[in-house]
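As a plain string of letters, each chain reads:
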Amino acid sequence: MFLALKEIKKEKKRFILIISITVLISYLVYFLMGLAYGLSQDNTSEIERWNAESIVLKSGVNKNILSSQLDKDIYYDYDDKEISAINIARTVGYLNGEKSDDTTENFVLIGMRQDSPIYPEVLEGRLPENSGEIIGSMSLKNELNLKLGDIIELSSNESKFKIVGFSQEAKYSVSPVIYTDLEMASQAMMLFNPNRNSEQAIDTYTTPTPNMPDLISAIIVHQNNDLKSNDDVEVIPVDEFILALPGYLAQVLTFGLMIGFLVLISSIILGVFMYIITNQKRQTFAIMKIQGISSSYIGKSVLLQTVILNIIGISIGLGLNLISAYFLPTAVPFEINGLYYFIIALLMLLFSIVGALFSVSSIAKIDPLEVLE
């Protein structure tokens, strides 16, 4: 410890350069990790909120819930399970009736019953009292600056919904989520224009077409079970369902490879620096050996220097990352996960120690007589 700290104190400029490189690389790795995790949450936060074990979809839809349409009667085939019926539709809406590019947003409309286990908890406002009222995820308030009483008008059918409550932050495939009655998010209702049909108020929507089949998108299963797929339905574990989300797996693999290579590259760079510095001190090490200092003691000093420099650099990089996160706008999908950050720091430290072992092996090979000739 004494030798490692003494040398760092003496060669400040040299070691500050190494620390600076570690800071920059660790900052980049942490930032990419925050973006990767933030994007992942934007894809899956709504699904994770369901607390589901599996999802029952129509067979032949390639695990895509937006294409699934189940006969509602199938729901009763599973009435001995802890389940929830759900309708999901992608839609575009105008904010407060203003039909311009600046006020047009993409939404995911999710329909469910208020007595369903997956119905969101209202954090602000109240529960809807009719089919023309909705609950919005907190992202509508934080990112779109919507407030209680604002109106969202669907561009597909001119249906208008009033926001009466906000729930926790939730997104599905990067789009903010709005919650309505089960029937109001069905495919049939997405094509139905109540304004053309009647003088009815917003809270008295009717079935779009008489005798139309009553369909739902999926059944959410909340407990372990022995449900099996058949010709009509496909039972999909929730983890498998998430991986099948369009673009999700490609995104995770891309960021994962980028982060992995950056960790490896940073470790190699630090290892090369330590190796160069070790070779520049061959004469010093030779004299130390003549004085009776063992190669193992010198090697431990080099390893300890590597650990100290990495801890300092990684810590500063993490601190800068946390500061950056504070100033990022809410629209940037950036989230901090302490466990992932710890794993990255540990990997960077371990890989750099492995790189420093090459320097230790070169110390053991130093012949004092040969070096001092």
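The shown structure was predicted, so the numbers you read here are calculated from the model rather than taken from an experiment.

A. How the structure looks around the confidence of the model for the protein chain. Considering every residue of the protein chain, the mean pLDDT works out to 82; 88% of them sit at 70 or more. For residues 197-204, every residue scores under 50 in pLDDT, and the model assigns this stretch twelve contacts once sequence neighbours within four places are set aside.

B. A look at unusual backbone geometry. A positive phi is found at Asn-62, a non-glycine position, where the angle reads about 60°. Here Asn-62 shows up in the loop between β1 (54-58) and β2 (70-71). Judged by its relative accessible area of 67%, Asn-62 is exposed. Phi at Ser-173 is positive, roughly 50°, even though this residue is not glycine. One can find Ser-173 in the loop between β9 (171-172) and β10 (175-180). Its relative accessible area of 13% is what places Ser-173 among the buried residues.

C. Focus on the packing of helix α2 (residues 12-49) against helix α7 (residues 248-280). Between α2 and α7, whose axes approach to 10 Å, the crossing angle comes to 170°. Between α2 and α7, the interaxial angle falls into the category roughly antiparallel. Here the residues of the contact of α2 with α7 sort into 23 nonpolar, seven polar and one charged.

D. Region of interest: the packing of aromatic side chains. Under the defined criterion, the tally for this structure stands at five aromatic pairs. Aromatic pair Tyr-30 and Tyr-341: ring centres 4.8 Å apart, planes at 40°, arrangement tilted. Separated by 311 residues along the polypeptide, Tyr-30 in helix α2 and Tyr-341 in helix α10 (residues 338-364) bring together distant segments of the chain. With respect to class, Tyr-30 is no different from Tyr-341; both count as buried. With a centroid separation of 5.2 Å and 90° between ring planes, the pair formed by Tyr-326 and Phe-327 is classed as edge-to-face. Residue Tyr-326 shares its accessibility class with Phe-327, and that shared class is exposed.

E. Representation of the pattern of salt bridges within the structure. Inspection of every chain in the model, using the stated rule, returns eleven salt bridges. Across the pair Glu-124 and Lys-141 runs a salt bridge, and its minimum N-O distance is 2.6 Å. Of the two residues, Glu-124 sits in strand β5 (residues 124-125) while Lys-141 sits in helix α3 (residues 138-144), which places them 17 residues apart along the sequence. According to the relative accessible area criterion, Lys-141 is partly exposed, its value standing at 31%. Connected through salt bridges with shared partners, the residues Asp-42, Glu-143 and Lys-171 form a single ionic network.

Thresholds, definitions, all that
- Residues numbered from 1 in each chain as written.
- Predicted model: local features only at pLDDT ≥ 70, side-chain atom pairs only at ≥ 80, totals over all residues.
- Heavy atoms only, no water.
- pLDDT = per-residue confidence, 0-100.
- Contact = heavy atoms within 4.5 Å.
- Helix = DSSP H or I, 4+ residues; strand = E, 2+ residues; numbered from the N terminus.
- Buried < 20%, exposed > 50% of the residue type's maximum accessible area, 1.4 Å probe, protein only.
- Axes fitted to C-alpha atoms, helices over the stretch in contact; angles between N-to-C directions.
- Parallel < 35°, antiparallel > 145°, perpendicular 65-115°, else oblique.
- Nonpolar A, V, L, I, M, F, W, Y, C, P; charged D, E, K, R; others polar.
- Phe/Tyr/Trp six-rings, centres within 6.5 Å; stacked < 30°, edge-to-face > 60°.
- Salt bridge = Lys/Arg side-chain N within 4 Å of Asp/Glu carboxyl O.

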